[in-house]
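# Remarks on the overall topology
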Amino acid sequence: MRLSEDRKLVFKNIFFLGLMQGANYILPFITIPYLVRTIGIEKYGLVAFAQSFAAYFVIFTDYGFSLSATKLISINRDNSQKISEVFSSVLFVKLAFVILSIIFSTVIIFSFKKFYSEYEIFYFSLLILIGQMLFPVWLFQGLEKMKYITFINILIKLFFTLCIFIFIRQEKNYLYVPLINSLGFLVGGLVAFYIAIKQFNIKFSFNLANIKNQLIDGWHLFLAILSTNIYRNANTFFLGLVSTNTAVGYYALASKIIISLQALMSPIGQSLYPHLSKKYHTISRKDAIKNLFSIAKYYGLILFVIVFLVLIFSNFIIKIIAAKPMIEAVIDMRVLSFVIFFGSFNYLFGTIGLINLNFERYFTKCIVFVSIFDIITCLTLGYFFKDLGASIAFVASEFFLLLLVFSKILRIHNE
């Protein structure tokens, strides 16, 4: 009976996470055709470049808490005092990192012409940091109670999606795109923060020892997440350094479609992570890996179908979104389709598997190594082959990481 209840809880959280991911990925995805037609592919590329710049600081302020704090909350879900301590410590660190991010980003913006010539768009993009700081997804995910924020998140995202269609009417309105996006995250963060305080009776406290522990626990995961996002999200930024805004626009369009499709698997992985964090503390490593292999069978079948459909319908999808043929974006999309397969298995065997089996350091080393490989590959191929080069670099990096992660899983299993 207990196993049945656990499964119900997992499927319930998959459902709510699926709805929330729909709001976070699909709703912004709906605006892409409109934005490409209204502000043009060049300005769309500039917006994507600015948002990828802000994404670096989002990663910094998160500091791995999406994994480390989620795991800690999951293990101590019945201890309200511990939950309050973790919540207070994480919030304080995030606030300090937001302040540091604003200072450092200002130095960068006013040191390079490429940035200060369009400084407004970069600051509007950076406003997302405040919303991300306040939105404690890791708390709800660790407690496996996603329903409290899912519907509010959807309503807020719907409202700000409508704002895109209302206020973005011509090319010069491109500045409002990141502003509207950031305001959506800010309002969502405030509402989710209020729910967390009231629903779970959070008591704020300041303890340097707890803060230090959070920094230590999150360090390796921070490096892993930072390095992962270098090749998952920051290739848009690197391409912008060595190529044109138009090339960035093609790549950003294709990569956003692929990442949105890959997000279809995210609710499953994000629901399994806290659930298996607790479960893997009570069984052997060999049994845990057998469990992963069992899950992988279903993963692989779903992923194969998604990739196959993308390869067939990529031209049709790009035509609908861009309202005109864009062969460059179609080619990028077909190349990037393999990211869905490799990337999802990296999350399963790496994040869910190696991290929950206490191999964070090995996983971090792999990702750091792969991210260095991606930076060199993206800058080189992006310079010579523009958006296609960035696409190839992304796929190669995910495949390289999967080889490293899966070989480690097999070694653990054989031991």
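This write-up is about the structure you can find in this document. Just so it is clear, the model here is predicted, and its values are computed rather than measured.

Right, let's talk about empty space enclosed by the protein for a bit. Counted under the stated rule, the structure contains 3 cavities of 30 Å³ or more. What the second largest cavity holds in volume is close to 40 Å³. Lining the second largest cavity, in full, are Phe87, Val90, Leu91, Lys94, Met133, Leu134, Pro136, Trp138 and Phe193. Of all the secondary-structure elements, those providing two or more residues to the lining of the second largest cavity are α3 (80-109) and α6 (128-134). Top contributing element to the lining of the second largest cavity by residue count: α3, with 4 residues. The class makeup of the residues in the lining of the second largest cavity is 8 nonpolar, no polar and 1 charged.

Here we take up the nonpolar core. One finds Tyr44, Phe53, Leu139, Leu253, Met326, Leu348 and Phe349 to be the most contacted residues of the largest nonpolar core, which totals 123 residues. The element that contributes the greatest number of residues to this core is helix α1 (residues 2-62), accounting for 18 residues. When neighbours within four sequence positions are excluded, Leu253 is seen to be in contact with Ile32, Val36, Tyr44, Ile318, Ile321, Met326 and Ala329.

Here we take up unusual backbone geometry. Positive phi values are uncommon outside glycine, yet Asn201 reaches one of about 55°. A positive phi angle, near 55°, is found at Lys386, a position not held by glycine. Note on placement: Lys386 falls in helix α16 (residues 360-414).

Further remarks concern the packing of aromatic side chains. By the definition in use, this model includes 37 aromatic pairs. Measuring from ring centre to ring centre gives 4.9 Å for Tyr34 and Phe165, while their planes differ by 50°; the resulting arrangement is tilted. Of the two residues, Tyr34 is situated in helix α1 and Phe165 in helix α8 (residues 147-167); the sequence distance between them amounts to 131 residues. Taking the relative accessible area as the measure of exposure, Tyr34 reaches 21% and is therefore partly exposed. What makes Phe165 partly exposed here is its relative accessible area of 30%. Ring geometry for Phe87 versus Phe193: centroids 5.8 Å apart, planes at 40°, classification tilted. Of this pair, Phe87 sits in helix α3 while Phe193 sits in helix α9 (residues 176-199); the two residues are 106 residues apart in sequence, bridging distant segments of the chain. On the basis of relative accessibility, which here comes to 1%, the residue Phe87 falls in the buried class. Grouping aromatic residues by their ring pairs yields a cluster made of Phe49, Phe53, Tyr56, Phe57, Phe104, Phe112, Phe115, Phe122, Phe237 and Phe238. A cation over a ring is seen here: Lys43 above Tyr174, with NZ or CZ 5.3 Å from the ring centre.

Rules used throughout
- Residues numbered from 1 in each chain as written.
- Predicted model: local features only at pLDDT ≥ 70, side-chain atom pairs only at ≥ 80, totals over all residues.
- Heavy atoms only, no water.
- 1 Å grid on protein atoms, 1.4 Å probe; cavity = no way out; pocket = protein on both sides within 12 Å on 5 of 7 lines; lining within 4 Å.
- Points joined across faces, edges and corners; volume = space filled by probe spheres on them.
- Helix = DSSP H or I, 4+ residues; strand = E, 2+ residues; numbered from the N terminus.
- Nonpolar A, V, L, I, M, F, W, Y, C, P; charged D, E, K, R; others polar.
- Core = buried A, V, L, I, M, F, W, Y, C linked by side-chain atoms within 4.5 Å.
- Buried < 20%, exposed > 50% of the residue type's maximum accessible area, 1.4 Å probe, protein only.
- Contact = heavy atoms within 4.5 Å.
- Phe/Tyr/Trp six-rings, centres within 6.5 Å; stacked < 30°, edge-to-face > 60°.
- Lys NZ or Arg CZ within 6 Å of the ring centre and 35° of its normal.

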